Amino acid sequence: MYEKVGNIVKTAQQSNTAVIAFICMDHIMARSVVYAAEAVNTPAIVMLYPEHVTVQHTTGFETYAAMVKELAGQVKVPIGLHCDHDYSYESIMRTIRAGFGSVMMDGSMNDLDTNIALTKKVVLAAHESGVFVEGEIGHVGAAADSDNDKTDLYTKPDAAERFCRETGVDSLAVSIGNAHGEYKETPHLDIKRLEEIHAATDVPLVLHGGSGIPDDQLQVAFSKGINKFNLGTEFLGRYYQAVAAFAAENAENPDPVKVIDLPGYVQSRLQPYLEERMKTLCHF
Ligand SMILES: [Zn+2]
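The written sequence of each chain sets the order in which its residues are numbered from 1. Local features in a predicted model are, by the rule used here, given only for residues with pLDDT of at least 70; side-chain atom pairs are given and counted only at 80 or more, and totals for whole chains, interfaces and linings are based on all residues. The basis for every side-chain value is the complete set of heavy atoms in the structure, and neither hydrogens nor water enter the calculation.

Let's shift gears to the nonpolar core. Judged by nonpolar contacts, the single largest core of 81 residues is most densely connected at Phe 22, Ile 79 and Met 278. Ignoring anything within four residues of it in the chain, the contact list for Phe 22 reads Val 33, Ala 44, Ile 45, Val 46, Met 47, Leu 231, Phe 235, Leu 274 and Met 278. Among buried residues, the Ala, Val, Leu, Ile, Met, Phe, Trp, Tyr and Cys ones that are joined through side-chain atoms within 4.5 Å form a nonpolar core. Remark: exposure states derive from per-residue accessible area (1.4 Å probe, protein chains only) relative to the maximum for the residue type, with buried under 20%, exposed over 50%, and partly exposed in between. One finds Val 5, Val 9, Met 47 and Phe 132 within the second-largest nonpolar core, a separate group that totals 9 residues. Residue contacts follow a heavy-atom distance rule, with two residues in contact if any of their heavy atoms lie within 4.5 Å.

Pasting the structure below:
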């Protein structure tokens, strides 16, 4: 069932848990998420990274929104649709026109005043059409650059309070020792800081850079205000492994039409992983 991200995140907040937003670059990944969610009866969010449209061309904005809504209509569990990191008012308006009811305005590379001004403008326009907006302060950088250890990038509780009050955002991505991509060493979330941010704000908080954070740290974070959790790198890695396994198993096959079995094969490999993640981490 297609459901507004705002409603799913609110349910997660009431249940003191987090919904997982999975980066899906195409139909195979999105279908795997939707059917895994149904199998474990757990809400999930299918999330587009805009560069998959603008750079890699694995899908289109309208195509993607329609695809997720069609897949969601095939199951009973709530499925949300969200567009991840976007950086300008214009591109976010285009995403909303394409059918997305939930977007992220990431102004976190700017100074606080500029980030507030940019995010506020998006929120005002988005709310006119009932669209949910995620903002970010502090800056979630790249794990490859060990940004997760750079405390000057971390979210400051007083700035978070001001940001939420002045922009009217619906959710807030925080930097508390997390980073995008593959961590060089096991990350350690700054839980004390999370508690302070949670106390200073009343919106659901979002944790990016979820691949590689130990489950015990995630469970603590989910009990202290993190209600949406983004998973990309690890899931993309599983997708790559499944495609490689299919290619290896069929290396001697002379029939080029064999490739039509690829989606089903990959989904059968991805679903157990996705079901395990949702069963372990989400407690609705
Ligand atoms: Zn992110």
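All right, on to the coordination of the zinc ion then. Any nitrogen, oxygen or sulfur atom within 2.8 Å of a metal ion counts as a donor, with the limit raised to 3.2 Å for Na, K and Ca, and since water is left out, coordination shells can look unfinished. Only His 85 (NE2), His 180 (NE2) and His 208 (ND1) from the protein reach the zinc ion as donors, at distances of 2.0 Å. Counting the intervening residues between successive donors of the zinc ion yields the motif H-x94-H-x27-H. Taken together, the residues His 85 in strand S3 (residues 79–86) and His 180 in the loop between strand S6 (171–174) and helix H8 (191–200) connect sequence positions 95 residues apart. The exposure class of His 85 is buried, given its relative accessible area of 6%. On the accessibility criterion, His 180 (27% relative accessible area) is partly exposed. Secondary structure elements are taken from DSSP: a helix is a run of H or I of four residues or more, a strand is a run of E of two residues or more, and numbering for both begins at the N terminus.

A separate point is the packing of helix H10 (residues 233–249) against helix H11 (residues 262–281). Axis definition: a line fitted to C-alpha atoms, over the contacting stretch in the case of helices. Angles run 0 to 180 degrees between N-to-C directions. Taken N-terminus to C-terminus, the directions of H10 and H11 make an angle of 145°; their axes are 9 Å apart at the nearest point. As H10 runs across H11, the sense of the crossing is right-handed. Two secondary-structure elements touch here, H10 through Glu 234, Phe 235, Arg 238, Tyr 239, Ala 242, Val 243, Ala 245, Phe 246 and Glu 249 and H11 through Leu 262, Tyr 265, Val 266, Arg 269, Leu 270, Tyr 273, Leu 274 and Arg 277. Note on residue categories: nonpolar means Ala, Val, Leu, Ile, Met, Phe, Trp, Tyr, Cys or Pro, charged means Asp, Glu, Lys or Arg, and polar means any other residue, Gly included. Looking at side-chain class alone, the contact of H10 with H11 contains 12 nonpolar, no polar and 5 charged residues. Handedness of a crossing is defined here by the sense of rotation of the near helix relative to the far one, left-handed for an anticlockwise turn of less than a right angle and right-handed for a clockwise turn.

Another point: a nonpolar patch on the surface. The patches described consist of residues with a relative accessible area above 30% and no salt bridge, like charges being joined within 9 Å and nonpolar side chains (Val, Leu, Ile, Met, Phe, Trp, Tyr) within 5 Å. Accessible surface is estimated by sampling points in the Shrake-Rupley manner with a 1.4 Å probe; for residues, cover comes only from the protein chains shown. For this analysis, a salt bridge means a side-chain nitrogen from Lys or Arg found within 4 Å of a carboxyl oxygen belonging to Asp or Glu. Taken together, Val 257, Val 259 and Ile 260 make up a surface patch of nonpolar side chains, about 290 Å² in accessible area. Its place among the elements puts Ile 260 in the loop between H10 and H11.

Now for the packing of aromatic side chains. Two aromatic rings, drawn from Phe, Tyr or Trp (for Trp, its six-membered ring), form a pair once their centres lie within 6.5 Å of each other, and the interplanar angle then sorts them: stacked below 30 degrees, edge-to-face above 60, tilted otherwise. A full pass over the atoms with the stated rule returns 5 aromatic pairs. Three or more aromatic residues link up through ring pairs in this structure, and these residues are Phe 22, Phe 235 and Tyr 273. For Arg 31, the ring lying beneath its charged end belongs to Tyr 35, and the centroid distance is 4.6 Å. Put simply, a charge is over a ring when the Lys NZ or the Arg CZ is close to the ring centre, within 6 Å, and near the line of the ring normal, within 35 degrees. The ring of Tyr 89 has Lys 121 sitting right over it, with the charged end atom 4.2 Å from the ring centre.

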